[in-house]
Amino acid sequence: MQNTPFISIIIITMNHEKFIAQACESAAQQDYDNFEIVVLDNNSADKTFEIAQETLSKFPVRHKLIKNTERFGVAKNLNILLSQASGEYISILSGDDWYTKDHLRKKMDFFKNNSYDFILTDGFKYYQETGETTDAYSEKDRKSLLSNIGNFFHYNVSGNKTVNVGTFVSKKILTDHPFDEDIQTEDWDMNLRLSSLGFRFGFLDKKLFYYRILPTSLSRNWVVMKNSYEKVTAKYLDYIKKDKALYQKYLLNMLHFKYEIKLSETKDSTERKNIKKAWKAEKYRIKYKNPVLF
């Protein structure tokens, strides 16, 4: 075995029969020389498990497959995967996303050459409905993230500003600080918990993943997102309220969820117009503390 740290790619999947082969192939074809793949199928109703098994059997890479007999939330599944992983480091992948071939190697090089505790990278978003590929971060957001690396918790606490495909961290850190199984945006919660505890966040400015956006993605369910946002920020609300700018961002985010939910509940054009008008008025009041007439 080579003198390189052993990495576990942990893949969580459910009903991804159309995508799991691509995810597994991208993991198995890494140009890094010391890793394993651990796949956890969350009791899929389709052929996800069988396709993953068949795909990985074609490659000379150490792998393990697990299938739940009942379904759990993402955070619980990640904790299960951690208990089954043997690597010194963990790289997380969803069954509908995929890595570039040099993903592990470049992350490990970056990790070894810096004093970070957990790292994320740049990448692409792939929109399944249209086939369109865009940058994971706008140029403005990418530069803002890079400029706030040293103050990551403060930068990220009022709203998730990262795309967490391929989170890379030592297994010990995640074992000592497991995922909160009551949270659905477990990646954002993990980022905040680790950074609030003093662990250092690093961002590798290279495009090393493809994040698939599906019509059923969690980010399109506004009720679920609002609930998760409230649960995560409740842990840090005292901190948020002490900073005027952070608290304003928090209020604007809560307003965003409120009105996106309202818009999702009606298709009536007049009602939607009135909702957007009320949203604009409330946003103005939060920003300027004054009523405005339209």
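In what follows, the structure referred to is the one given above.
In this text the structure is predicted, and so the values were computed from the model without any measurement.

What counts and how
Residues numbered from 1 in each chain as written. Predicted model: local features only at pLDDT ≥ 70, side-chain atom pairs only at ≥ 80, totals over all residues. Heavy atoms only, no water. Helix = DSSP H or I, 4+ residues; strand = E, 2+ residues; numbered from the N terminus. Rg over C-alpha atoms; globule rule 2.2 N^0.38 Å. Buried < 20%, exposed > 50% of the residue type's maximum accessible area, 1.4 Å probe, protein only. Contact = heavy atoms within 4.5 Å. Areas by Shrake-Rupley, 256 points an atom, 1.4 Å probe, with all protein chains shown as cover. Lys, Arg positive; Asp, Glu negative; His and termini not counted. Charge placed at Lys NZ, Arg CZ, Asp CG, Glu CD. Pairing = 2+ DSSP bridges. Right-handed = clockwise from strand over helix to strand, strands pointing away. Axes fitted to C-alpha atoms, helices over the stretch in contact; angles between N-to-C directions. Parallel < 35°, antiparallel > 145°, perpendicular 65-115°, else oblique. Nonpolar A, V, L, I, M, F, W, Y, C, P; charged D, E, K, R; others polar. Salt bridge = Lys/Arg side-chain N within 4 Å of Asp/Glu carboxyl O. Arc of directions from axis to C-beta. Core = buried A, V, L, I, M, F, W, Y, C linked by side-chain atoms within 4.5 Å. Phe/Tyr/Trp six-rings, centres within 6.5 Å; stacked < 30°, edge-to-face > 60°.

**Side note on the overall build of the protein**
Broken down by element type, the protein carries 12 helices and nine strands. Relative to the compact-globule value of 19 Å for 294 residues, the protein shows a C-alpha radius of gyration of 20 Å, a close match. For the protein, the spread of C-alpha atoms along the principal axes amounts to about 70 × 40 × 35 Å. Residues counted as buried form 48% of the 294 residues belonging to the protein. Taking the contacts inside the protein whose residues are at least 6 apart along the sequence as the reference set, 76% of them involve residues at least 24 apart. As displayed, the protein offers around 14800 Å² of accessible surface, 48% of which is attributable to carbon and sulfur atoms. Looking at charge distribution, the protein has the averaged site of its 45 positive side-chain charges lying 7 Å from that of its 38 negative ones.

**Some words on the pairing of strand 1 (residues 7-13)**
Each regular strand carries side chains that alternate between the two faces of the sheet. Among the seven residues of strand 1, seven are classified as buried, and the element is accordingly described as predominantly covered. Burial along strand 1 is two-sided: Ile7, Ile9, Ile11 and Thr13 and Ser8, Ile10 and Ile12, pointing in opposite directions, are all buried. As defined by bridge partners, strand 1 adjoins strand 2 (residues 35-41) across seven bridges and the pair is classed as parallel. Across the sheet, Ile9 pairs through a bridge with Ile37, a residue of strand 2. Considered for its hand, the β-α-β crossover made up of strand 1, helix 1 (residues 20-28) and strand 2 is right-handed.

**A closer look at the packing of helix 11 (residues 244-264) against helix 12 (residues 269-288)**
At their nearest, the axes of helix 11 and helix 12 sit 10 Å apart, and the two run at 175° to each other. With respect to each other, helix 11 and helix 12 are oriented roughly antiparallel. Of the residues in helix 12, those in contact with Gln248, Leu251, Leu252, Leu255, His256, Lys258, Tyr259, Glu260, Lys262 and Leu263 of helix 11 are Arg272, Ile275, Lys276, Ala278, Trp279, Glu282, Lys283, Ile286 and Lys287. Residues of the contact of helix 11 with helix 12, tallied by class, amount to nine nonpolar, two polar and eight charged.

**Comments concerning the pattern of salt bridges**
Applying the stated rule across the entire model yields 17 salt bridges. Note that Lys172 is salt-bridged to Asp176, the shortest N-O span being 2.6 Å. Linking Lys172 with Asp176, this pair stays in helix 7 (residues 171-176), spanning four residues, or about one helical turn. One continuous salt-bridge network, built from bridges that share partners, spans Glu139, Arg142, Lys143 and Asp205.

**Overview of helix 4 (residues 103-112)**
Every buried residue of helix 4 is listed here: His103, Leu104, Lys107, Met108, Phe110 and Phe111. Projected onto a plane normal to the axis of helix 4, the buried residues spread over an arc of 160° and lie on a single side.

**A closer look at the environment of Ile213**
Structurally, the position occupied by Ile213 is in strand 9 (residues 201-213). For Ile213, a relative accessible area of 8% corresponds to the buried category. Spatially, the C-alpha atoms of Ile213 and Thr130 are 10.0 Å apart, while their sequence positions differ by 83 residues.

**A closer look at the nonpolar core**
One finds Ile9, Ile10, Ile11 and Ile37 to be the most contacted residues of the largest nonpolar core, which totals 58 residues. Among the nonpolar cores identified, the runner-up in size contains 14 residues, and Phe153, Met225, Tyr229 and Val232 belong to it.

**Overview of the packing of aromatic side chains**
One pass over the full model with this rule turns up 19 aromatic pairs. Plain terms: the ring middles of Phe153 and Tyr239 are 5.1 Å apart, the flat faces sit at 70° to each other, and that makes the pair edge-to-face. Here Phe153, found in helix 6 (residues 152-156), pairs with Tyr239, found in helix 10 (residues 237-241); they are 86 residues apart in sequence, far enough to count as distant. Residue class for Phe153 comes out buried when judged on its relative accessible area of 14%. By relative accessible area, which is 35% here, Tyr239 ends up partly exposed.

**Considerations on the packing of helix 8 (residues 186-196) against helix 9 (residues 222-234)**
Viewed as axis vectors pointing N to C, helix 8 and helix 9 meet at an angle of 10°, and their least axial separation amounts to 10 Å. Classified by the interaxial angle, the pair formed by helix 8 and helix 9 is roughly parallel. Residue-level contacts link Trp188, Asp189 and Leu192 of helix 8 to Tyr229, Val232 and Thr233 of helix 9.

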